[in-house]
Each structure stands twice: as C-alpha cells, then as structure tokens.
Amino acid sequence: MSARGPKRVVLNSHRLFRDISPQIVRELELEALEMTPSDPELYATIQRGNHRIILTDRLTDEYAREARRQGFPALVLGTVIQHLSQEGLIVRPRLPGGRPSIPGIPQRHNVFPLTAIAANADYLITENPAWHSRSDTIGQHGPIVVTPRAFIEREATRGNR
C-alpha cells in the first residue's frame, strides 16, 4: 500500500456501473444514454488524485457478467474501460495464476477482494455488506474496504495535508 500519492483501487461492479460510467458517458457526450451517477464525486476524486483502477481479466469477466445480469450495455462497458485506459487511470497488474482462496472470504464474487489483495490495492471500493463485514479479514492482507463516500472523504483529507 502506498503511503502517499496515487492509490490503487479495485471497484466492484456497481461502483463501476453506477458511479464511474455515468460520468464517462457524460464526458464523452454519449447522448443515447441517460445515466445518473450514484456518487458523482467518486470519478472526480480518482481523476484528481491520479489514482489507478486495477483491472485484470478476471475483473473484466466479472464486470461483463454483472453487466449482462443488470442490463448494462456491453458496448458502454467496453467504452468506459477504453476511456479509463486512455486517461491513464487503469493499471493491469500481472497476478499469479490459479484461484486463490483466503479463509474468511466466501467464494461468491470473491474476485474483488482477492484481486485487491493480490494486486496490493490500497482500497476495495464497494457498498457490498459482505465485504464490509469482512473488512478486518481483507484489511489484514492490505486493502482497506470503503464505501465510495468514505474513499472520497479519506482522499479529500489527504489532499489537505
């Protein structure tokens, strides 16, 4: 985990779809889509701090699966990821192969906390109660589990020092 400077973050699907994507859709003026962000400050905080969103093949697969399940347009998902890459906001770490498991972290959607741990993320940004209830277990391996609002507040505080 980095003490200062840009942070490495893992976003769960809903944060990518509901907080980041609407801002990018607006930025790219994709008028065919009406999307309102749940927390419009999350994307701005990531940009302002020059933070990096961790993206792996497994995360991309999970985002695509969840996009289909939620009715989120696959084309928009690809456009969002491409835009984030072009803006230099994505990092694609090389992680060890296999399917790791950590005691106390259930299998369902574990790609988010396991990637955050393996990629040395500073934060796992989620509102999923399953990960917040296991924040101590996840935190023992490095990442801090936070809501978008907590991330924004933490990073605003750091920026004022």
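The notes below deal with the structure included here. This one's a predicted model, so the numbers in the text were calculated from it and none came from an experiment.

### Some thoughts on the overall build of the protein
Point 1. When you go through the protein residue by residue, the secondary structure sums to eight helices and five strands.
Point 2. N-terminal to C-terminal, the α/β element order of the protein is β-α-α-β-α-α-β-α-β-α-α-β-α.
Point 3. Relative to its 161 residues, the protein shows a buried fraction of 43%.
Point 4. Accessible area of the protein: about 8600 Å², with a carbon and sulfur share of 48%.

### A look at empty space enclosed by the protein
Point 1. Here the structure, examined in full by the defined rule, presents one cavity of 30 Å³ or more.
Point 2. In this model, the largest cavity occupies a volume close to 40 Å³.
Point 3. Leu 16, Ile 53, Leu 55, Tyr 63, Ile 81, Leu 84 and Ile 90 are the residues that line the largest cavity.
Point 4. Grouping the constituent residues of the lining of the largest cavity by class yields seven nonpolar, no polar and no charged.

### Some points on the side chain of Ser 21
Point 1. Of note, Ser 21 is situated in helix H1 (residues 13–27).
Point 2. Separated by 2.8 Å, the side chain of Ser 21 and the backbone oxygen of Leu 16 make a polar contact.

### Structural notes on the sheet that holds strand E5 (residues 144–146)
Point 1. The strand order E3-E2-E1-E4-E5 describes an open sheet built from five strands, whose pairing is parallel. What marks the edges here is a single partner per strand, and that holds for strand E3 (90–91) and E5.
Point 2. As judged from the two bridges shared by strand E2 (residues 52–54) and E3, these two strands associate in the parallel manner. Directly across from Ile 53, in E3, lies its bridge partner Ile 90.

### Some words on the packing of aromatic side chains
Point 1. The tally for this structure, following the rule as stated, stands at three aromatic pairs.
Point 2. With centroids separated by 4.4 Å and ring planes inclined at 15 degrees, the aromatic side chains of Phe 17 and Phe 72 adopt a geometry described as stacked. Separated by 55 residues along the polypeptide, Phe 17 in helix H1 and Phe 72 in the loop between helix H3 (57–70) and helix H4 (74–86) bring together distant segments of the chain.
Point 3. Between the aromatic rings of Tyr 123 and Phe 151, the centroid separation amounts to 4.9 Å while the plane-to-plane angle is 85 degrees, which identifies the pairing as edge-to-face. One end of the pair, Tyr 123, is in strand E4 (residues 123–125); the other, Phe 151, is in helix H8 (residues 148–159), and 28 residues separate them in sequence. As far as burial versus exposure is concerned, Tyr 123 and Phe 151 are alike and both buried.

Each value, and the rule that gives it
For every chain, the first residue of its written sequence is number 1, and the numbers climb from 1 along that sequence. Local features in this predicted model are restricted to residues of pLDDT 70 or higher, and side-chain atom pairs are both shown and tallied only at a pLDDT of 80 or more, whereas totals for entire chains, interfaces and linings draw on every residue. Computation of side-chain values: all heavy atoms of the structure, hydrogens and water removed. Helix and strand definitions follow DSSP, with helices as H or I runs of at least four residues and strands as E runs of at least two, each counted in order from the N terminus. Relative accessible area decides the class of each residue, using a 1.4 Å probe on protein chains only: under 20% of the type maximum gives buried, over 50% gives exposed, and in between gives partly exposed. Areas reported here follow the Shrake-Rupley algorithm with a probe of radius 1.4 Å; residue values treat only the protein chains shown as occluding. Points on a 1 Å grid over protein atoms alone make up a cavity when a 1.4 Å probe fits among them but cannot get out, and a pocket when they form an open set with protein on both sides within 12 Å along at least five of seven lines; lining residues each have an atom within 4 Å of a point. Grid points are joined across faces, edges and corners, and a volume is the space filled by probe spheres set on the points. Under the scheme applied here, ten amino acids are nonpolar (Ala, Val, Leu, Ile, Met, Phe, Trp, Tyr, Cys and Pro), four are charged (Asp, Glu, Lys and Arg), and all others, including Gly, are polar. Residues adjacent in sequence count toward polar contacts only when both atoms are side-chain atoms; beyond that, a polar contact is any pair of N or O atoms within 3.5 Å, and within protein one must be able to donate a hydrogen and the other to accept it. For two strands to count as paired, DSSP must find a minimum of two bridges between them. Aromatic rings from Phe, Tyr and Trp, taking only the six-membered ring of Trp, are treated as a pair when their centres fall within 6.5 Å; an angle between ring planes under 30 degrees marks them as stacked, one over 60 as edge-to-face, and anything in between as tilted.

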